[in-house]
Amino acid sequence: MKVLVAVKRVVDYAVKIRVKPDKSGVETQNVKMSMNPFCEIALEEALRIKEAGLASEVVAVSMGSAQCVDTLRTGLAMGADRGIHVEATGALYPLTVAKVLKALVEVEKPRLIIMGKQAIDDDCNQTGQMVAGLLGWPQGTFASKVLLDREKQLATVEREVDGGLETLCLDLPAVITTDLRLNQPRYATLPNIMKAKSKVIKKYTPQELNVEIKSDLEVIEVTEPPKRKAGVIVSSVDELIDKLKNEAHVI
Ligand code: AMP
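Note that the structure is a prediction, hence the values are computed from the model and not measured. (Residues numbered from 1 in each chain as written. Predicted model: local features only at pLDDT ≥ 70, side-chain atom pairs only at ≥ 80, totals over all residues. Heavy atoms only, no water.)

Visitor: What am I meant to see in the pattern of salt bridges here?
Guide: Between side chains of opposite charge, a pair can form when the charged atoms approach closely. Scanning the model with the defined rule gives 16 salt bridges in all. Here K8 makes a salt bridge to D122, at a shortest N to O gap of 3.3 Å. Residue K8 is located in the loop between β1 (2-6) and β2 (9-11), and its partner D122 is located in the loop between β6 (112-116) and α4 (127-135); the two are separated by 114 residues in the primary sequence. Using a relative accessible area of 26% as the deciding quantity, one classes K8 as partly exposed. Since its relative accessible area comes to 34%, D122 is described here as partly exposed. (Salt bridge = Lys/Arg side-chain N within 4 Å of Asp/Glu carboxyl O. Helix = DSSP H or I, 4+ residues; strand = E, 2+ residues; numbered from the N terminus. Buried < 20%, exposed > 50% of the residue type's maximum accessible area, 1.4 Å probe, protein only.)

Set out below in structure tokens:
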């Protein structure tokens, strides 16, 4: 069984985001970029499935600029067997990414797609759901535990929902999106970083996959959140209650 893992290159989670002066987006020039943390979790889960003898190959896929190859190399150093880079410039919205993944499914024929529940740059939380919809596959989103039954070709997915845990049983092939508590991704070791240099990364253009890069949405403006006002130190509980009542009007 082959597992396809979608890994997105995003601004590193520790970087303080700066909005571009023309408000067209966030600054990505000269900024540290990394694999989206939820995609690291997705890849880790795929590697654990392979190590448990339940998958034969883990293929990492990334879409975007030429630098996505660095993200794929990180994935290969973690343990993915090979990479696929779909090179595209400009903004890629979830529906386009989902169409590209669907096209790759037709070429690669995986039985499972694992991806992050959301990319931390645009926080869309849409791509997994869309690709499952386009393929007509069952989906287990926000997975906090995954169990596979190879004989029965089933995946059992536990999800953290508001009231507790929901357990879903999915027929394979299926799409799973990962939540934070699913696992702790491994670090790539130096020997594996060296080995990753000789692993194959296949390149496609969206045209080769018959996907048109066009968007039906337009980002109008990206702005900084309003600056938080400095706090005040109150001298007594009575003063606090007075301010909450008469200034903040919250009690
Ligand atoms: P989103 O729906 O944009 O929040 O992204 C959810 C997940 O879709 C990510 O965690 C990735 O697994 C996948 N994904 C989105 N965009 C890309 C991309 N450009 N390349 C690879 N995977 C992506």
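Now that the structure is up, let's keep going.
Visitor: Looking at this model, I keep getting lost on the sheet that holds strand β8 (residues 154-161). Mind explaining?
Guide: Hydrogen bonds along the backbone pair up the strands of a sheet, which may run parallel or antiparallel. Taken in spatial order, the nine strands make up an open sheet running β9-β8-β7-β10-β6-β1-β4-β5-β11, and their pairing is mixed. Every other strand in the sheet has two partners, leaving β9 (164-171) and β11 (201-204) as the edge strands with one partner each. For this sheet, the mean angle separating the axes of adjacent strands, direction not counted, is 30 degrees. Sheet topology places strand β7 (residues 139-149) next to strand β10 (residues 174-178); three bridges connect them, and they run parallel. Residue pairing across strands places G140 opposite I176, the latter belonging to β10. Across the sheet, helix α3 (residues 94-108) lies against β1, β4 (57-64), β5 (82-87), β6 and β11, angled at about 145 degrees from β4, the strand it touches most. α4 contacts β6, β7 and β10 of the sheet and is inclined by roughly 155 degrees relative to β6. (Pairing = 2+ DSSP bridges. Axes fitted to C-alpha atoms, helices over the stretch in contact; angles between N-to-C directions. Contact = heavy atoms within 4.5 Å.)

Visitor: What exactly am I supposed to notice about the side chain of E44 here?
Guide: Note that E44 resides in helix α1 (residues 37-51). Those residues within four positions of E44 in sequence are excluded, and the remaining contacts are M78, N183, Q184, P185 and R186.

Visitor: I tried to follow the nonpolar core on my own but got confused; where do I start?
Guide: A general feature of soluble globular proteins is that nonpolar side chains tend to end up buried together. Core analysis: the largest hydrophobic core is formed by 33 residues, its most contacted members being V5, L43, L112, I114 and I176. Of all elements in the fold, only β1, α1, β4, α2 (68-78), β6, β7, β8 and β10 reach the threshold of two or more residues within this core. Per-element tally for this core: the top contributor is α1, with eight residues. The residues touching L112, leaving out its near neighbours within four places in the chain, are M1, K2, V3, L4, I49, L148, L172, A174 and I176. Listed in part, the 26 residues of the second largest apolar core include I84, V97, L101 and V105. (Core = buried A, V, L, I, M, F, W, Y, C linked by side-chain atoms within 4.5 Å.)

Visitor: Sorry, what's going on with the packing of aromatic side chains here?
Guide: Two descriptors summarise a pair of aromatic rings, namely the distance from one centre to the other and the angle between the planes of the rings. One pass over the structure, following the stated rule, counts zero aromatic pairs. Of note, K117 hangs over the ring of F142, and the distance from its end group to the ring centre comes to 5.2 Å. Residue placement shows K202 over the ring face of Y204; its charged tip is 4.9 Å from the ring centre. (Phe/Tyr/Trp six-rings, centres within 6.5 Å; stacked < 30°, edge-to-face > 60°. Lys NZ or Arg CZ within 6 Å of the ring centre and 35° of its normal.)

Visitor: It is not clear to me how α1 should be interpreted in this structure. Could you clarify?
Guide: Side chains three or four residues apart in an α-helix point the same way, a direct result of the helix having 3.6 residues per turn. In this model α1 runs 21 Å from its N-terminal to its C-terminal C-alpha over 15 residues, within 8% of the 21 Å that 1.5 Å per residue would give. Buried within α1 we find F38, C39, I41, A42, L43, E44, E45, A46, L47 and I49. (Expected span 1.5 Å × (residues − 1).)

Visitor: I'm lost on the layout of surface pockets in this one. Help?
Guide: Sizing a probe to match a water molecule and rolling it over the atoms shows the empty space that remains. Of the pockets and cavities examined, the second largest pocket occupies roughly 600 Å³. Considering the residues around the second largest pocket, the lining is formed by 25 residues, among which Y13, E40, P185, R186 and Y187 are closest to the centre. Those elements that place two or more of their residues in the lining of the second largest pocket are β2, β3 (33-35), α1 and α2. Considering each element in turn, the lining of the second largest pocket owes the most residues, four residues, to α2. Among the residues making up the lining of the second largest pocket, the classes are represented as 14 nonpolar, five polar and six charged. (1 Å grid on protein atoms, 1.4 Å probe; cavity = no way out; pocket = protein on both sides within 12 Å on 5 of 7 lines; lining within 4 Å. Points joined across faces, edges and corners; volume = space filled by probe spheres on them. Nonpolar A, V, L, I, M, F, W, Y, C, P; charged D, E, K, R; others polar.)

Visitor: Help me understand α3 in this model?
Guide: A rise of 1.5 Å per residue sets the reference length of α3, with its 15 residues, at 21 Å; its end C-alpha atoms lie 20 Å apart and thus fit the reference within 8%. For α3, the set of buried residues is P94, T96, V97, A98, V100, L101, A103, L104, V105 and E108. Next to the buried residues of α3 lie β1, β4, β5, β6, α4 and β11.

Visitor: Looking at this structure, how should I read the site of the ligand?
Guide: As a structural note, the neighbourhood of the ligand is formed by 18 residues, with A6, A119, N125, Q126 and T127 the closest of them. G116 has a polar backbone atom sitting 3.0 Å from an oxygen atom of the ligand. Contact between the ligand and D122: an oxygen atom at 3.4 Å from a side-chain N or O atom of the residue. Protein burial of the ligand: of its 480 Å² of free accessible surface, 98% is covered by the chains. Counting residues per element, the ones that place at least two in the shell around the ligand are β4 and β6. Top element by residues in the shell around the ligand is β4. It accounts for three residues. (Near = heavy atom within 4 Å. Polar contact = N/O pair within 3.5 Å; in protein donor to acceptor, adjacent residues only side chain to side chain. Areas by Shrake-Rupley, 256 points an atom, 1.4 Å probe, with all protein chains shown as cover.)

On their own, these measurements won't tell you what the molecule is for.
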